[in-house]
Amino acid sequence: LADQQVTVGRFLRTLTRDSVIVCHGYTSRVLRAEVLGLSPMDAAAGGMIPNTGVARFANGREELFPE
């Protein structure tokens, strides 16, 4: 998870505007960790976004929209 968080962090720093990102479960965990400033282990402990679920990350907060 830590290595993947580095990769996701690099990707996020290339974004210049609001974006929609589609990804699998583990990537969603590290994306969540990076955006919310969590360690990879804390993000993993927080569970996964449900399949077909949507999460919105903005201003250091998250909002989940279940299936």
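Keep in mind the model is a prediction, meaning the values are calculated, not measured.

Another aspect to go through is helix H2 (residues 25–36). The end-to-end C-alpha distance of H2, which contains 12 residues, comes to 16 Å, matching closely the 16 Å that a straight helix rising 1.5 Å per residue would cover. Every buried residue belonging to H2 is among Gly-25, Ser-28, Arg-29, Val-30, Leu-31, Arg-32 and Ala-33, and all of these are buried. Close packing links the buried residues of H2 with helix H1 (2–12), helix H3 (40–45), strand E1 (54–58) and strand E2 (61–65).

Turning our eyes to something else, we now look at the pattern of salt bridges. Scanning the entire structure with this criterion turns up three salt bridges. A salt bridge links Arg-56 to Glu-63; its shortest N-O distance comes to 4.0 Å.

The rules we used
- Residues numbered from 1 in each chain as written.
- Predicted model: local features only at pLDDT ≥ 70, side-chain atom pairs only at ≥ 80, totals over all residues.
- Heavy atoms only, no water.
- Helix = DSSP H or I, 4+ residues; strand = E, 2+ residues; numbered from the N terminus.
- Expected span 1.5 Å × (residues − 1).
- Buried < 20%, exposed > 50% of the residue type's maximum accessible area, 1.4 Å probe, protein only.
- Contact = heavy atoms within 4.5 Å.
- Salt bridge = Lys/Arg side-chain N within 4 Å of Asp/Glu carboxyl O.

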